[in-house]
Amino acid sequence: MADIRNNFVGIKSPNPFWLASAPPTDKAYNVIRAFKAGWGGVVWKTLGEEGPPVVNVNGPRYGAIWGADRRLLGLNNIELITDRDLQVNLREIKQVKKDWPDRAIVVSLMVPCVEESWKAILPVVEETEADGIELNFGCPHGMSERGMGAAVGQVPEYIEMVVRWCKQNTRMPVITKLTPNITDVRKPARAALAGGTDAVSLINTINSITGVDLDSFAPQPTIDGKGSHGGYCGPAVKPIAMNMVAEIARDPETHGLPISGIGGITTWRDAAEFMALGAGNVQVCTAAMTYGFKIVQEMIAGLENWMDEKGHASLDDIVGRATPNVTDWQYLNLNYIAKARIDQDACIKCGRCHIACEDTSHQAITSMVDGKRHFEVIEAECVGCNLCVNVCPVENCITMEPLAAGVMDQRTGKPVSPIYANWTTHPNNPMAKVAAE
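Calculation rules
Residues numbered from 1 in each chain as written. Predicted model: local features only at pLDDT ≥ 70, side-chain atom pairs only at ≥ 80, totals over all residues. Heavy atoms only, no water. Axes fitted to C-alpha atoms, helices over the stretch in contact; angles between N-to-C directions. Helix = DSSP H or I, 4+ residues; strand = E, 2+ residues; numbered from the N terminus. Parallel < 35°, antiparallel > 145°, perpendicular 65-115°, else oblique. Left-handed = near helix turned anticlockwise from the far one by under 90°. Contact = heavy atoms within 4.5 Å. Nonpolar A, V, L, I, M, F, W, Y, C, P; charged D, E, K, R; others polar. Pairing = 2+ DSSP bridges. Expected span 1.5 Å × (residues − 1). Phe/Tyr/Trp six-rings, centres within 6.5 Å; stacked < 30°, edge-to-face > 60°. Lys NZ or Arg CZ within 6 Å of the ring centre and 35° of its normal. Core = buried A, V, L, I, M, F, W, Y, C linked by side-chain atoms within 4.5 Å. Buried < 20%, exposed > 50% of the residue type's maximum accessible area, 1.4 Å probe, protein only.

### Quick look at the packing of helix α5 (residues 156-169) against helix α6 (residues 186-195)
A pair of packed helices is captured by two measures, namely the crossing angle of their axes and the spacing between those axes. It is at 7 Å that the axes of α5 and α6 come closest, and there the two elements cross at 30 degrees. Overall, the two elements α5 and α6 adopt an arrangement that is roughly parallel. As for the relative orientation of α5 and α6, their crossing is right-handed in sense. Counting all contacts with α5, which are made through Pro156, Ile159, Glu160, Val163, Arg164 and Lys167, the residues of α6 involved are Lys187, Pro188, Ala191, Ala192, Ala194 and Gly195. Of the residues belonging to the contact of α5 with α6, the class tally is seven nonpolar, one polar and four charged.

The structure is reproduced here in structure tokens:
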């Protein structure tokens, strides 16, 4: 049986599946239920400084994007950090950690960007014997208007400064949670590393408005006729999150920096993909809110079964395995050629591939052959874009088949070259021509 025990910057848990800082981790009741279901750890919902708690809206807090089958694809939330008293949270954290010593408990923190505020909260969190802290530099709404959350996460100098304050004033591992609402995620990651962070976690939620009520003309969720931007999460953000994880994992300046992957993780496969791109573990929120805490049991079983099937003994065998295969466009092999192939036995003759190719691509799929409805690829026109694969409703009906070296490409009339060549050496590249001269 594969060993999926996780050791993330010294924080141990029985599996790599943690609940992210969010409503599911707002109180002991939820966290205990999560641990009973099998979650390896939690990041407790973000705590603020001593004093009156923040005030949340009392109406709708979520907007949503659904697929055609009503499956939840994206969730927009306008909820703020915990609105429960700091001391109540601290007592609960201490008790839960005492009762569940084998599970990871990391405490998310957000206080004003003032050194004394951080110095004040760190020792009281440390006293709970939590395993670590996560600095919330990502919340894009409500708190950012107060100079916290994404307002800090978008300024690398502030990130480095606050991380350094924390590292100087606590023994606990520090995880820095990054905002995706930035042009280049590598810069805040580098700043966190410069400040001494033990790890980064990403992504936090994306600025969004998920819809507008066309009767009231107000953004959703609507509070007394008004709406606000919120944080977008769920399966729809997974591609964005994975790209940002990979950017940090393959950046020479941050290579080797531990990463906790967050963003749209719903299945074991999602988790494995994040880890293959460099994440040491993963955090989940929307999936738990959609399907309940027991979803982790399928994640655990699925990951173990896949690892056993592929011969991966531990998580170390998969973490970062895909990172070397992530490259920039200019280094992709331009001599690699693939063509679409349609399995005529599997084809249901819906015609979606033909319409997509005829109207929006390269007119490379027939609709009629010998007077009969028939769909096949015209190789002389196929550029290998694979749009047809993605619009076909039948899995594996259309596949992309690479042409072997020496085989004639009917579109270009030239044999496939066995030599790797990319844009940096291509004759059409003006920079390449300059270099050649």
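### Digging into the sheet that holds strand β14 (residues 230-233)
With antiparallel pairing, four strands are arranged side by side in an open sheet as β5-β6-β14-β11. Each edge of the open sheet carries a strand with a single partner, namely β5 (62-66) and β11 (206-208). Sheet twist, expressed as the average angle between the axes of neighbouring strands with direction ignored, equals 35 degrees. Sheet topology places β11 next to β14; three bridges connect them, and they run antiparallel. Residue pairing for β14: Asn207 is matched across the bridge by Gly231.

### Examining helix α3 (residues 115-126)
When the terminal C-alpha atoms of α3 are compared, their 17 Å separation across 12 residues agrees well with the 16 Å that a helix rising 1.5 Å per residue should span. Buried-residue contacts for α3 involve α2 (86-99), β7 (104-109), β8 (132-136) and α5.

### Examining unusual backbone geometry
Residue Leu202 is joined to Ile203 through a cis peptide bond whose omega torsion reads 10 degrees. Omega for the bond connecting Gln220 with Pro221 falls within 30 degrees of zero, at 0 degrees, which places this linkage in the cis form. Tracing the backbone shows Pro221 in the loop between β13 (218-219) and β14. Here Phe217, not a glycine, exhibits a phi torsion of approximately 55 degrees, which is positive. Relative to the helices and strands, Phe217 is located in the loop between β12 (212-213) and β13. A positive phi angle is found at Asn396, which is not glycine, with a value near 65 degrees. Residue placement: Asn396 occurs in the loop between α12 (387-391) and β20 (398-402).

### So, the packing of aromatic side chains
Taken as a whole, this structure holds three aromatic pairs when the rule is applied. Taking the centre distance of 5.6 Å and the plane angle of 50 degrees together, the rings of Phe35 and Trp100 count as tilted. Linking Phe35 in helix α1 (residues 28-37) with Trp100 in the loop between α2 and β7, this pair joins segments that are 65 residues apart in sequence. A cation over an aromatic ring shows up here: Arg70 above the ring of Trp66, its NZ or CZ 3.9 Å from the ring centre.

### What about the nonpolar core?
Ranked by size, the top nonpolar core spans 79 residues in total, and within it Phe17, Trp39, Leu109, Trp118, Ile133, Leu202 and Leu303 carry the most contacts. At seven residues, helix α7 (residues 238-250) tops the list of elements feeding residues into this core. Other than its neighbours up to four places away in sequence, Trp39 contacts Asn15, Phe17, Trp18, Leu19, Ala34, Arg103, Val284, Ala288, Phe293, Ile295, Val296 and Met299. Ala340, Ala364, Val377 and Cys392 belong to the second-largest nonpolar core, a separate cluster that totals 14 residues.

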